[in-house]
Each structure stands twice: as C-alpha cells, then as structure tokens.
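Summary of structural features
The primary structure of each chain is shown beneath.
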Amino acid sequence: MPVMLEISNHVAYVTLNRPEAMNSLDPESTADLTEIWARVRTDPDIRVAVLTGAGEKAFCTGTDMKKAPPPTECMAATYLRDGQPILPHMKMWKPIIAAINGYAVGGGLEMALACDLRIASSNAKFGLTEVKVASLAGLNGTQVLPRAMPQAVAMKMLLTGEMISADEALRYGLVSDVVEPSGLADLAKSYAEKIASAAPLSVQAAKQAAVLGQDMPLEHGILFSHLLWGVLRDTEDRKEGFKAFGERRAPEFRGA
Ligand SMILES: CC(C)(COP(=O)(O)OP(=O)(O)OC[C@H]1O[C@@H](n2cnc3c(N)ncnc32)[C@H](O)[C@@H]1OP(=O)(O)O)[C@@H](O)C(=O)NCCC(=O)NCCSC(=O)/C(=C/c1ccccc1)CC(=O)O
C-alpha cells in the first residue's frame, strides 16, 4: 500500500510508504490519502492522527515528479469541480501531528504545515524547492510558511529553494521538538496518546478556536471562544471530567 493506516488507542497512524521514492506523492498515494483522511475525520473511534513517512530518509518530497501524469483536462475544469488537491482532505477539527522523519520538501512540507503539531528527527530537512523545478508551492506554502516562521527566512526559502536543517527549524519555531531519529515515533505516540486521553470535544473545540481565531479580530476570537466554552459546558464529558477530578480517578471520556 502506498499509504498505510493503523489505528490504536484512538490514534490513527498514517504512514506514507514509498521510501524508495522518498515518500513522494504519486497518484495512488494521493487517492489513498483522500480515503484515509475521510476515515480519520468521520470515525468516532479516532481522536487524533500522526502523519509520517516510512524509513529514516524522508517524510515526503512532494509530487512524484517521475509519475505525475500529463493533465487530461484544462485547469479551470479541475479547479472549479474539485478545488485544491490533498490539503482540503486534511481539514478537520481532530488534531494531526506531523512526525517529520527526514526530508520535508515541496508538497511534503506543505502537508506538514497543514498539521497542528510538528516534531522532527535531527536529520530532517525542510524546503519549498518548487522554484527549482519550474513550479510553485501551490499547496498553501506561499501563504502559510511566511506566517509560520520569521518572514525573512521564509522568503529566502521560497525564492531560493534553499533547505533548512532541523535545528534551524526548531530555532525558527517551525517545529516544536527535535529528537534523534530513533526517538521520533515514540515522541509522536506520546503526544498523540496525551491528546487521545483528553476530552475529544474539548480538543476539537480548542483547535477550532485557535485555527478560526487566527483570522478574526481579537475581540471576535474572544467572543467565539467563550461561546465554544459554553457549548462544552453542557457536555456529559465535562460532568465526568469534574467528577473524576473530585474522586481522584482518571476520567472516562466518550465525546458526548
Ligand atoms: C530530497 C532530495 C534533496 C534528496 O536527495 P538525495 O540525493 O538524498 O536522494 P535522491 O537520490 O535524489 O532520491 C532518492 C530516490 O527518490 C527519488 N525521488 C525523490 N524525490 C522525488 C520526487 N519528488 N519525485 C520523484 N522521485 C523522487 C529520486 O529520484 C531517487 O530515485 P532513484 O533515482 O534512486 O530511482 C532530492 O530527492 C530532491 O530534491 N527531490 C525532489 C524534491 C522536490 O523538488 N520536491 C518538489 C516537487 S513539486 C511539488 O511538490 C508540488 C506540489 C503541489 C503543488 C500544488 C498542487 C499539488 C502539488 C508542485 C507541483 O506538483 O507542481
């Protein structure tokens, strides 16, 4: 399978599985990802996902440039019927963790930027190299990278196609943690399991408030988050959370 899905303890582990091609995205991988993200979004047993690449060399190097098929119809038809590929399928309120285990280049870095947490192995490298192959970081990279790190560094990456190291990515806040390659999967699992053990509706509301709030004036964001708090105030899980605290036991959340 070009993309593997494993579900364990409410966590979906999504692994791009073409290490011989640096986990680049061929048409089959893209189709698999579309199905997998739909499952992650709708399966009530899944509370959080981890996206990574097989092997220790690459997370994903973007479009498989050797297998990209020639277009069969004009862009207007594709664009107006399907919209953007790949990223809309990752749009959900369940959190996604990118465990970046090597090169995150082109569309690979853009997928990582669409995740909520980014952690990396010490050998990871990050780049939007599309200008070197006569394309554009068209999966939001030109918009998101300059908002995710210092603008001067983002512009250097976008215009020269130069890559940065894991240590630089940590320094610029593009990732939250850098660990040895052998420790990356365990770190991803520990963050995922912490998120999965929290109240699922609270986690999703926190993501919604933070993501949508970024595009709102502060006062609107504050009002919106207060309304979301009110929505959660009436959940069974909140009663359970408060009761479990008083009884000094672990809560059992149901997402209700
Ligand atoms: C990452 C590298 C710098 C690593 O170099 P290294 O020397 O260590 O390894 P290689 O020998 O180069 O790679 C090993 C093996 O993998 C194949 N490989 C790697 N990446 C790709 C790829 N993206 N497509 C196809 N094949 C790939 C490589 O050919 C080798 O195979 P072998 O010869 O052994 O059979 C270096 O690999 C590198 O620079 N890779 C390319 C990175 C890149 O330019 N990525 C950007 C692609 S364009 C893109 O992602 C776009 C996304 C998009 C935008 C909008 C809408 C949809 C998608 C733009 C677009 O599609 O136009």
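Please refer to the structure placed before this passage.
Just so you know, these numbers come straight off a predicted model, no measurement behind them.

**Regarding the sheet that holds strand E10 (residues 177-179)**
- What the six strands build is an open sheet, ordered E1-E2-E3-E5-E7-E10; its pairing is mixed. Since the sheet does not close on itself, it has two edges, and those belong to strand E1 (3-8) and E10, each with one partner. Each strand axis lies, on average, 20 degrees off the axis of its neighbour in the sheet, ignoring direction.
- Across four bridges, the pairing between strand E5 (residues 96-100) and strand E7 (residues 117-121) is parallel. Of the residues in E7, the one forming a bridge with Ala 99 is Ile 119.

**Focus: the sheet that holds strand E4 (residues 58-60)**
- The four strands are arranged E4-E6-E8-E9 in an open sheet whose pairing can be described as mixed. Whereas interior strands pair on both sides, the edge strands pair on one side only; in this sheet they are E4 and strand E9 (164-165).
- Here E4 runs beside strand E6 (residues 103-105); their pairing, made up of two bridges, is parallel. Within E6, the residue paired with Cys 60 across the bridge is Ala 104.

**Here's the deal with the site of the ligand**
- Contacts to the ligand come from 22 residues, most closely from Thr 61, Thr 63, Met 65, Lys 66 and Ser 135.
- Glu 20 places a main-chain nitrogen or oxygen 3.5 Å from an oxygen atom of the ligand.
- In the environment of the ligand, a nitrogen atom lies 2.9 Å from a nitrogen or oxygen atom belonging to the side chain of Thr 61.
- Calculation on the ligand without its partners gives an accessible area of 1,100 Å², and the protein chains cover 62% of this total.
- In the shell around the ligand, the residues fall into nine nonpolar, nine polar and four charged.

Calculation notes
- Residues numbered from 1 in each chain as written.
- Predicted model: local features only at pLDDT ≥ 70, side-chain atom pairs only at ≥ 80, totals over all residues.
- Heavy atoms only, no water.
- Pairing = 2+ DSSP bridges.
- Helix = DSSP H or I, 4+ residues; strand = E, 2+ residues; numbered from the N terminus.
- Axes fitted to C-alpha atoms, helices over the stretch in contact; angles between N-to-C directions.
- Near = heavy atom within 4 Å.
- Polar contact = N/O pair within 3.5 Å; in protein donor to acceptor, adjacent residues only side chain to side chain.
- Areas by Shrake-Rupley, 256 points an atom, 1.4 Å probe, with all protein chains shown as cover.
- Nonpolar A, V, L, I, M, F, W, Y, C, P; charged D, E, K, R; others polar.

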